[in-house]
There are 2 protein chains.
Amino acid sequence: MTYCVGLLLKAGMVLLSDTRTNAGLDNIATYRKMFTFVTPGERAIVIMTAGSLSVTQTALARLSEAAEDPDADETRSILRAPSMLAVAEMVGATLADVTAEISEKMERMHQSASASLIVAGQRKGRPMRMFLVYPEGNFIEATEDTPYLQIGEHKYGKPILDRVITPETTLADAEKAVLLSMDSTLRSNLSVGMPLDLAVIEEGGLEIARRRRIEASDPHFARMSHAWSDALRDAFQKIEGV
Amino acid sequence: MTYCVGLLLKAGMVLLSDTRTNAGLDNIATYRKMFTFVTPGERAIVIMTAGSLSVTQTALARLSEAAEDPDADETRSILRAPSMLAVAEMVGATLADVTAEISEKMERMHQSASASLIVAGQRKGRPMRMFLVYPEGNFIEATEDTPYLQIGEHKYGKPILDRVITPETTLADAEKAVLLSMDSTLRSNLSVGMPLDLAVIEEGGLEIARRRRIEASDPHFARMSHAWSDALRDAFQKIEGV
């Protein structure tokens, strides 16, 4: 499985993904699930993936190929699409096509394959937008009322987001929140694993403001994780029971 | 859905269930999911249920009928079974029978029904034991390494248990922990709802030491829930980012 989370805040967008992929418990590998598409000063897009690796790799390969093709027009390249809505539609159509093609192959074995994506980005002069694209190609969008989207193993890390995230949350707090949300997921579910990929798009920045890979050995992440555990245990001890 | 959690500690067992049942989002009802079977001074058993209401009600009705039948012998009554292992086997067999019967009816409509149970108890002179019984009737048991069992919507409330529960946890802390675990679940998942049923069996007590229904209006639960939110937000603010 996977855990990816994206926050859409007034100050910008914060995105975090894990990198664990598994085909059964005895076949575990590390694959990047975060992909960036940038024309500096014009647009910045981040796509995160969850689901069958054969589907996500093929879909991302097609999107990348079109984005790099100088002949691809605004109906094929997400770097030329007129709006983030058009980007989401293009990504949705690609994902739906790939899912259908691969599912057809797998049906002969009575198996299926699917994937979901988070697509976040901004085009110059337009608002930032963030979408969750379903395997069928349809999508929903993050709003002020629900300023975050998750794919994969989303339940463990939801309580912390529900408690601390509002559209006014600062980018520094937002980074902390997604990392703690991931920390809870890592502790409770083996199918989600380090290293992590973090990306930040600042409102109006039209570039990836920060992009980091956080390794399993990262001392800052380990310190934050321990401090959070200690803080939770402290808070737990101080709370009065019912 | 449902959320039920049971802790097996050195000092005793703490059990908590919600009461929400739904058939679609437009048909929500309150049903008890916690059932106690006690012969004071001889044995105390708590069963909690998750899954299809028709399965759990029928299974519990059969177990109750047998437990109240003065002619039911140790192969039929969980109040006469020679050990908690025999109780778990009896409950598993009943659940598997009911699941099979109801599934047969539902197959005609291409539907299925199933349920899982947590069975916790102690017989005089024997250790406390806690089992998670699967729809097929097989079961697993809580141990020192994994001193808790959950059924239903278990993911939201798992991180807090993973952080604070050990076999040495006191019963007062354990009550707090299961209520906070439930609180996280209630906030993030509409299919789990108040009121809650809490039961405590103390080691060697051979009775239900405490049994409470916590209503949605309970001021102590509301205070604890708010205090926990505040404590989490405080802790969040104090943690240094990565």
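Naming follows an unreviewed UniProt entry, where chain A appears as Proteasome-type protease of Roseivivax marinus.

Participant: Looking at this structure, I do not really get the relation of the copies chain A and chain B. What am I missing?
Facilitator: For these two chain copies, the linking operation is a rotation about an axis paired with a shift along it. Expressed as a screw transformation, the operator carrying chain A onto chain B has a rotation angle of 180° and an axial translation of 0.0 Å, and the superposed copies differ by an RMSD of 0.0 Å. Such values leave the two copies arranged in the relation of a two-fold axis. Looking at the rotation axis and the C-alpha trace of chain A, the residue lying nearest is Tyr156(A), at 2.4 Å. Taken as a fraction of all interface residues of chain A, those also at the interface in chain B reach 100%, which identifies the copy contact as same-surface.

Participant: I'm lost on the sheet that holds strand S9 (residues 139-141) of chain A in this one. Help?
Facilitator: By definition, the strands of a sheet pair up through backbone hydrogen bonds, in either a parallel or an antiparallel sense. Residue and element names in this part refer to chain A. An order of S5-S6-S7-S8-S9 is seen for the five strands of this open sheet, with the pairing classed as antiparallel. The strands lining the two open edges of the sheet, one partner per strand, are strand S5 (34-39) and S9. Strand-to-strand twist of the sheet, defined as the mean angle between neighbouring strand axes without regard to direction, takes the value 20°. Each of S5, strand S6 (43-51) and strand S7 (115-123) is contacted by helix H1 (residues 53-68), which is oriented at about 160° to S6, the strand it contacts most. The sheet strands contacting helix H2 (residues 84-107) are S6, S7, strand S8 (129-133) and S9, and the helix crosses S7 at an angle near 155°.

Participant: Please clarify how the packing of aromatic side chains should be interpreted in this entry.
Facilitator: The geometry of an aromatic ring pair is captured by two quantities: the separation of the ring centres and the angle between the planes. A complete count under the given rule lists two aromatic pairs over all chains for this structure. Relative to Phe139(A), the ring of Phe131(A) has its centre 5.3 Å away and its plane inclined at 80°; by these criteria the two rings are edge-to-face. Residue classification places Phe131(A) among the buried positions, given a relative accessible area of 0%. Classification of Phe139(A) as partly exposed rests on a relative accessible area of 26%. Above the face of the Phe236(B) ring, Lys176(A) is positioned so that its terminal group lies 4.8 Å from the ring centre.

Criteria and thresholds
Residues numbered from 1 in each chain as written. Chains lettered and ligands numbered in written order. Predicted model: local features only at pLDDT ≥ 70, side-chain atom pairs only at ≥ 80, totals over all residues. Heavy atoms only, no water. Least-squares fit on C-alpha atoms with pLDDT ≥ 70 in both. Contact = heavy atoms within 4.5 Å. Pairing = 2+ DSSP bridges. Helix = DSSP H or I, 4+ residues; strand = E, 2+ residues; numbered from the N terminus. Axes fitted to C-alpha atoms, helices over the stretch in contact; angles between N-to-C directions. Phe/Tyr/Trp six-rings, centres within 6.5 Å; stacked < 30°, edge-to-face > 60°. Buried < 20%, exposed > 50% of the residue type's maximum accessible area, 1.4 Å probe, protein only. Lys NZ or Arg CZ within 6 Å of the ring centre and 35° of its normal.

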